[in-house]
Amino acid sequence: MKTMTKVKGASALPLNQIMGGDCVEVMNSLPENSVDLVFADPPYNLQLKGDLHRPDNSKVDAVDDAWDQFSSFAAYDRFTRDWLKAARRILKPNGAIWVIGSYHNVFRMGAELQNQGFWILNDVVWRKSNPMPNFRGKRLTNAHETLIWASKQEASKYTFNYEALKSLNEGVQMRSDWVLPICTGHERLKDENGDKAHPTQKPESLLHRIMVATTNPGDVVLDPFFGTGTTGAVAKKLGREFIGIEREEAYRQVATKRIEKVRKFDKESLVVSASKRSEPRVPFGQLVERGMLRPGEVLTSLNQRYSAKVRADGTLVANDVKGSIHQVGAALEGAPSCNGWTYWCFKREGKTVPIDLLRQQIRAEMTERPN
């Protein structure tokens, strides 16, 4: 992996590279509609005034770098408008963006997202399990940051791996409040003097959850404020392509060394739990066409109360009720709806077998790849 300086008028995507320069200029040099996801951790505009000290009078390593300083709210809003506009241009029609911030800037970003036509899907509260205390004792401890997840437009068919997130959360639907620790210990990168390489380095656990939830292997993830490369490191592990943009040379050097040490997980390990809705559609009639069920064969309900005969066109008939496997099941049960795939069974060698087993056999064939 190598770092690059922005090439004016570049047409190809600089995959798995860190681009130097202004993020707006670099994004504007990339092809339109070419990126699947943008993760942005922009300057927070913390408006710090003076040094911050602990009770023992030691100085806190706070965010006082030049890149976080703006002359006014108006200047920060112009900056936000410009980089979001550039990010939206390069997002694919079904692409999405994640932005993260604190109370200093997240509300301003949220308003601008809506102004530009992004469609907000969720705001997520990252509750830090080990936040830095409030040393002055004049405010509440800042124990969280806010993320906003938005699609490029309201009609976007964005990626959301719902079942994968449930699996990450022990089978329970993932909520919009995430309890994760801040970046400390071995994960915290240090410079040659033993100081933090970056004051706001994000934990890999946060990016892992975002990428598993809203991207697929091979997707292109762009980070316009790359810092020390957390986005790139996690993307490489998870088999995603990344593009990093970072203005500061020192951060680019740290990120490059970090990502070069990362090893990609094997292909089988990158597969996540898929939603049933994302599986290939199989019409019941295909089972009849292929001879897996025969016209005239009798199906029985899972509760053994009803039976129906298969017809040549893939419909069922039971007494005076005719229709699809779903319609007939619902009519017999007097229910508003019925999932016929899990309701009906057939007999083979004296055993009762759900017809859904046949559907799964066809789906397996549809997703098999030739050697």
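A short tour of the structure in this document, coming up. Everything numeric here is computed off the predicted structure, so don't read it as measured data. (Residues numbered from 1 in each chain as written. Predicted model: local features only at pLDDT ≥ 70, side-chain atom pairs only at ≥ 80, totals over all residues. Heavy atoms only, no water.)

## A look at helix α6 (residues 230-237)
Part 1: The element α6 is extensively covered by neighbouring structure, given that six of its eight residues are classed as buried.
Part 2: Considered for burial, the residues of α6 that qualify are Thr230, Thr231, Gly232, Ala233, Val234 and Ala235.
Part 3: Residues of α6 that are buried in the fold lie against β3 (35-40), α5 (204-214), β8 (220-223), β9 (241-246) and α7 (249-260).
Part 4: With its phi angle positive at about 75 degrees, Gly239 sits one or two positions after the end of α6. (Buried < 20%, exposed > 50% of the residue type's maximum accessible area, 1.4 Å probe, protein only. Helix = DSSP H or I, 4+ residues; strand = E, 2+ residues; numbered from the N terminus. Contact = heavy atoms within 4.5 Å.)

## A few points about the nonpolar core
Part 1: In terms of nonpolar packing, the biggest core is built from 34 residues, with Trp98, Leu147, Trp178, Leu206 and Ile210 touching the most fellow members.
Part 2: Excluding residues that lie within four positions of it along the chain, Trp178 makes contacts with Trp98, Val124, Val125, Trp126, Arg127, Leu206, Arg209 and Ile210.
Part 3: Residues Met27, Val35, Phe118 and Ile148 belong to the second largest nonpolar core, which totals 30 residues. (Core = buried A, V, L, I, M, F, W, Y, C linked by side-chain atoms within 4.5 Å.)

## Comments concerning the sheet that holds strand β11 (residues 307-310)
Part 1: The antiparallel open sheet is built from six strands, whose spatial order is β13-β12-β11-β10-β14-β15. Each edge of the open sheet carries a strand with a single partner, namely β13 (321-323) and β15 (351-354). Each strand axis lies, on average, 35 degrees off the axis of its neighbour in the sheet, ignoring direction. (Pairing = 2+ DSSP bridges. Axes fitted to C-alpha atoms, helices over the stretch in contact; angles between N-to-C directions.)

## A few points about unusual backbone geometry
Part 1: For Asn16, which is not glycine, the phi torsion reads 55 degrees and is therefore positive.
Part 2: As for its position among the elements, Asn16 is in the loop between β1 (3-5) and β2 (17-20).
Part 3: If you check the backbone angles, Glu349 has positive phi at about 50 degrees while not being a glycine.
Part 4: Mapping Glu349 onto the fold places it in the loop between β14 (344-348) and β15.

## Considering the packing of aromatic side chains
Part 1: With the rule as written, the count across this model stands at 11 aromatic pairs.
Part 2: Seen in terms of ring centroids, Phe284 and Trp341 are 6.0 Å apart; in terms of plane orientation they differ by 65 degrees. Their pairing is edge-to-face. Pair noted here: Phe284 is in helix α8 (residues 284-289) and Trp341 is in helix α10 (residues 340-343), with a separation of 57 residues, a long-range link.
Part 3: For Trp341, a relative accessible area of 5% puts it in the buried group.
Part 4: On the numbers, 4.9 Å between centres and 90 degrees between planes, the contact of Tyr343 with Trp344 is edge-to-face. (Phe/Tyr/Trp six-rings, centres within 6.5 Å; stacked < 30°, edge-to-face > 60°.)

## Digging into the pattern of salt bridges
Part 1: A complete count under the given rule lists 14 salt bridges for this structure.
Part 2: Of the charged contacts in the structure, one is a salt bridge between Lys92 and Asp36, with a shortest N-O distance of 3.1 Å. Here Lys92, found in strand β4 (residues 91-101), pairs with Asp36, found in strand β3; they are 56 residues apart in sequence, far enough to count as distant.
Part 3: Lys92 gets classed as partly exposed once you look at its relative accessible area, which sits at 30%.
Part 4: One salt-bridge network, in which partners are shared between bridges, spans Glu204, Lys237 and Arg258. (Salt bridge = Lys/Arg side-chain N within 4 Å of Asp/Glu carboxyl O.)

## Let's talk about the packing of α5 against α6
Think of two packed helices as two axes; the pair is described by the angle between the axes and how far apart they sit.
Part 1: Look at α5 against α6: their axes get within 9 Å of each other, and the N-to-C directions meet at 55 degrees. In terms of orientation, α5 lies oblique with respect to α6. Of the two possible hands of crossing, α5 and α6 adopt the one that is right-handed. Residues Glu204, Leu207, His208 and Met211 of α5 pack against Thr230, Thr231, Ala233, Val234, Ala235 and Lys237 of α6.
Part 2: A per-class count over the contact of α5 with α6 returns five nonpolar, three polar and two charged. (Parallel < 35°, antiparallel > 145°, perpendicular 65-115°, else oblique. Left-handed = near helix turned anticlockwise from the far one by under 90°. Nonpolar A, V, L, I, M, F, W, Y, C, P; charged D, E, K, R; others polar.)

## Examining the environment of Val321
Part 1: With respect to the secondary-structure elements, Val321 resides in strand β13.
Part 2: Put simply, Val321 and Leu332 are 11 residues apart on the chain and 8.0 Å apart in space, counted from C-alpha to C-alpha.
Part 3: Discounting residues that sit within four places of it in the chain, Val321 has contacts with Leu316, Val328 and Ala331.

## What about the side chain of Arg240?
Part 1: Note that Arg240 resides in the loop between α6 and β9.
Part 2: One buried charged side chain, Arg240, makes no salt bridge at all; its nearest oppositely charged neighbour is Asp219, positioned 5.9 Å away.
Part 3: A polar side-chain atom of Arg240 sits 3.3 Å from the main-chain carbonyl oxygen of Met211.
Part 4: One polar contact links the side chain of Arg240 to the main-chain carbonyl oxygen of Leu238, over a distance of 2.6 Å. (Lys, Arg positive; Asp, Glu negative; His and termini not counted. Polar contact = N/O pair within 3.5 Å; in protein donor to acceptor, adjacent residues only side chain to side chain.)

## Brief notes about the packing of helix α2 (residues 73-90) against helix α3 (residues 106-115)
Part 1: Across the interface, α2 lies against α3 with an axial gap of 10 Å and an inter-helix angle of 45 degrees. In terms of their interaxial angle, α2 and α3 are classed as oblique. Note that α2 runs across α3; the crossing there is right-handed. Residues Phe73, Tyr76, Asp77, Thr80, Arg81, Trp83 and Leu84 of α2 touch α3, and the partners they reach there are Arg108, Met109, Glu112 and Leu113.
Part 2: Residue composition of the contact of α2 with α3, grouped by class: six nonpolar, one polar and four charged.

## Focus: the pairing of β14
A regular strand carries its side chains on alternate faces of the sheet.
Part 1: Note that strand β10 (residues 298-301) and β14 share two bridges and pair antiparallel. By the bridge assignment, Thr300 is partnered in β14 with Cys345.
Part 2: One ladder, built from four bridges, connects β14 with β15; its direction is antiparallel. Residue pairing across strands places Cys345 opposite Pro354, the latter belonging to β15.
Part 3: Here β14 folds back onto β15, and the loop between the two strands holds two residues, one of which, Glu349, carries a positive phi near 50 degrees.

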